[in-house]
Amino acid sequence: NNSIRVYGPDELEGESGLRHACAMGREVLDAAGKALRVGVTTDEVDRVVHEACIERDVYPSPLNYYNFPKSVCTSVNEVICHGIPD
C-alpha cells in the first residue's frame with residue numbers, strides 16, 4: 001500500500017490521541033536533555049527518563065523490549081553500539 005494515511009480528529013485529539021502522545025514524548029525528551037552534563041552516567045539518564053515517564057503515566061517503550069533492561073537507549077560520546085554491552 002503506497003497511500004499516505006490521513007488521521008482524523010478522533011485519532012489526533014484527546015488524551016489517547018497522537019498529539020498528546022507526541023507532547024508527552026517531547027516532555028520526556030526535554031527532561032532527559034536537562035539531565036545531561038559532563039560526568040553524568042547513562043544509568044542516571046535512564047533514571048530521569050523512567051521517572052519522567054511514570055510522572056506522565058506513560059510507558060517507556062524500550063523497557064523490556066526483547067528483554068532490554070532500561071527505559072532509554074543511550075550512548076556515550078556519540079559512540080553507537082547495538083545490543084547491551086557485557
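Parameters at a glance
Residues numbered from 1 in each chain as written. Predicted model: local features only at pLDDT ≥ 70, side-chain atom pairs only at ≥ 80, totals over all residues. Heavy atoms only, no water. Helix = DSSP H or I, 4+ residues; strand = E, 2+ residues; numbered from the N terminus. Buried < 20%, exposed > 50% of the residue type's maximum accessible area, 1.4 Å probe, protein only. Contact = heavy atoms within 4.5 Å. Areas by Shrake-Rupley, 256 points an atom, 1.4 Å probe, with all protein chains shown as cover. Salt bridge = Lys/Arg side-chain N within 4 Å of Asp/Glu carboxyl O. pLDDT = per-residue confidence, 0-100. Expected span 1.5 Å × (residues − 1).

Observations concerning the overall build of the protein chain
- The helix and strand tally for the protein chain stands at 3 helices and 0 strands.
- Starting at the N terminus and walking to the C terminus, you meet the elements of the protein chain as α-α-α.
- Out of the 86 residues belonging to the protein chain, those deemed buried represent 19%.
- Across the protein chain, the fraction of contacts at a sequence separation of at least 24, relative to all contacts at a separation of at least 6, is 30%.
- Surface exposure of the protein chain reaches about 7200 Å², of which carbon and sulfur atoms provide 54%.

Re the pattern of salt bridges
- In the structure shown here, the tally under the stated rule is 8 salt bridges.
- Between R56 and E27 there is a salt bridge; the shortest N-O distance is 2.8 Å. One end of the pair, R56, is in the segment after α3 (42-55); the other, E27, is in helix α2 (residues 18-35), with 29 residues separating them in the sequence.
- For R56, a relative accessible area of 23% puts it in the partly exposed group.
- A salt bridge links E44 to R47, with the shortest nitrogen-to-oxygen separation between them at 2.6 Å. Residue E44 and its partner R47 are located together in helix α3, separated by 3 residues, close to a single helical turn.
- A relative accessible area of 25% places E44 in the partly exposed class.
- A cluster of three or more residues bridged by salt bridges with shared partners is formed by E27, E55 and R56.

Topic: the confidence of the model for the protein chain
- On average, residues of the protein chain score 88 in pLDDT, and 90% of them are at 70 or above.
- By mean pLDDT, the top-scoring element of the protein chain is α3 (95), and the lowest-scoring one is helix α1 (residues 9-12) (89).

A word on α2
- The terminal C-alpha atoms of α2, which comprises 18 residues, lie 26 Å apart, in line with the 26 Å expected from a rise of 1.5 Å per residue.
- Buried residues along α2 sit in contact with α3.

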